[in-house]
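Analysis of the macromolecular model
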Amino acid sequence: MFQCKDVAEEASNYLDGDLPLKKRIGILLHLMICRCCRNYLQQIRKTIKTITNIYPKEQHNTDVKSLAEKLRNLPEN
Amino acid sequence: MKKIFKRDQTNEKELIEQLIKGDSAAFELVVGTYHSLMLSVARAIIGQAFADEVVQDAWVSAIKALPKFEGRSSLKTWLLQITSNGAKTRVRRESRQLSLDDGWESISADKFDHTGHRLDDVLPWEEDTPDALLENEQLQAIIEERFNSLPANQRAVLTMYDMEGMEMKEICNILDLSASNVRVLLHRARTTLHHTIENYRDN
């Protein structure tokens, strides 16, 4: 029988559809009886959607314009 | 859950032709679009110290090889593959070992009882749709800050899978990791950012 801890550990794989059938069914059965885990998965879903929308990027100090210009003027180009 | 990103091959072909012709707007567009992503991959493989150099070299190699680009993969995948190859070569030279366990904060064990059941009540984020969460500038800044403090390999996986919609197989290939390791990193990154939103809501 799947427990809340198992759902927390497999939340990403479950949401991405990357679980073997047996585990998927185990989680589904647990979700039917556990409101907390249903809410937890909903929160993870919203977290993913929020991050995707915010789209944080790697911080860097590269001057994109001058790098583009440097690449454009490469001798072989 | 996974978003479907379709590749516009016509536009990409035109863009590559413009690059070969030396069009400055095309160069700015491509560097502006992919530089951060390439840096993310390089940092995940080689770490912060050498990543800038690896990406600069990758750009030069890619631009020189552009006339030979056959379009079998997207421009993005091709650029990331060149970055990844450069970073892996550099790793071999520097013999650096990177750990999967940097900065991982799992769900605290005291949230579950001895049978694995949750001790606390988890409430749905009903009123906080992603749009509503986004309207909150303070939260947005906190998420961005937390994202940037994630271990580089978690940032790279999260960026490629959730934000760029890349296939698991491509990501494994680029980062030279097994699918199970990529899934672990993805889950850790998502869980950490979930904690960040949860803590913000609680305070």
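Within the UniProt record for chain B, the comment given under Sequence similarities (unreviewed entry) is "Belongs to the sigma-70 factor family. ECF subfamily."

The name an unreviewed UniProt entry assigns to chain A is Putative zinc-finger domain-containing protein, from the organism marine sediment metagenome.

1. Considerations on the overall build of chain A
Along the backbone of chain A there are 4 helices and 0 strands. A compact globule built from 77 residues would reach a C-alpha radius of gyration of about 11 Å, whereas chain A, at 22 Å, exceeds it by more than 25%. Seen through its C-alpha atoms, chain A measures out along the principal axes to roughly 65 × 25 × 15 Å. Taken across its 77 residues, chain A has 52% of its residues classed as buried. Here chain A displays about 4,100 Å² of accessible surface, and carbon together with sulfur accounts for 53% of that area. Treating the 13 positive side-chain charges of chain A as one cloud and the 9 negative ones as another, the clouds have centres 10 Å apart.

2. Observations concerning helix α2 (residues 24-46) of chain B
Residue and element names in this part refer to chain B. Its maximal kink placed at Y34, α2 deviates by approximately 40°. Within α2, 17 of the 23 residues are buried, which leaves it mostly tucked inside the rest of the structure. Capping of α2 at its N-terminal end is provided by D23; its side-chain oxygen lies 3.1 Å from the backbone amide nitrogen of A25. Just past α2, the residue G47 takes up positive phi, approximately 90°.

3. Description of the environment of A:L15
Residue and element names in this part refer to chain A. Checked against the element boundaries, L15 lands in helix α1 (residues 4-15). Taking the relative accessible area as the measure of exposure, L15 reaches 9% and is therefore buried. Once the C-alpha coordinates of L15 and K65 are considered, the two residues, 50 residues apart in sequence, prove to be 39 Å apart.

4. Quick look at the UniProt feature "domain: RNA polymerase sigma factor 70 region 4 type" (unreviewed entry) in chain B
In this numbering, the UniProt entry assigns the feature "domain: RNA polymerase sigma factor 70 region 4 type" (unreviewed entry) to residues 142-193 of chain B. Annotated as 83% helix and 0% strand, the span residues 142-193 of chain B places its first and last C-alpha atoms 10 Å apart.

5. Observations regarding the confidence of the model for chain B
Per-residue confidence for chain B gives a mean pLDDT of 86; residues scoring 70 or more make up 83%. Across the assembled chains, the prediction reports ipTM 0.91 with pTM 0.84.

What counts and what doesn't
- Residues numbered from 1 in each chain as written.
- Chains lettered and ligands numbered in written order.
- Predicted model: local features only at pLDDT ≥ 70, side-chain atom pairs only at ≥ 80, totals over all residues.
- Heavy atoms only, no water.
- UniProt positions renumbered as here; feature names shortened; annotations may be inferred.
- Helix = DSSP H or I, 4+ residues; strand = E, 2+ residues; numbered from the N terminus.
- Rg over C-alpha atoms; globule rule 2.2 N^0.38 Å.
- Buried < 20%, exposed > 50% of the residue type's maximum accessible area, 1.4 Å probe, protein only.
- Areas by Shrake-Rupley, 256 points an atom, 1.4 Å probe, with all protein chains shown as cover.
- Lys, Arg positive; Asp, Glu negative; His and termini not counted.
- Charge placed at Lys NZ, Arg CZ, Asp CG, Glu CD.
- Bend = angle between axes of the 7 residues up to and from the residue.
- Polar contact = N/O pair within 3.5 Å; in protein donor to acceptor, adjacent residues only side chain to side chain.
- pLDDT = per-residue confidence, 0-100.

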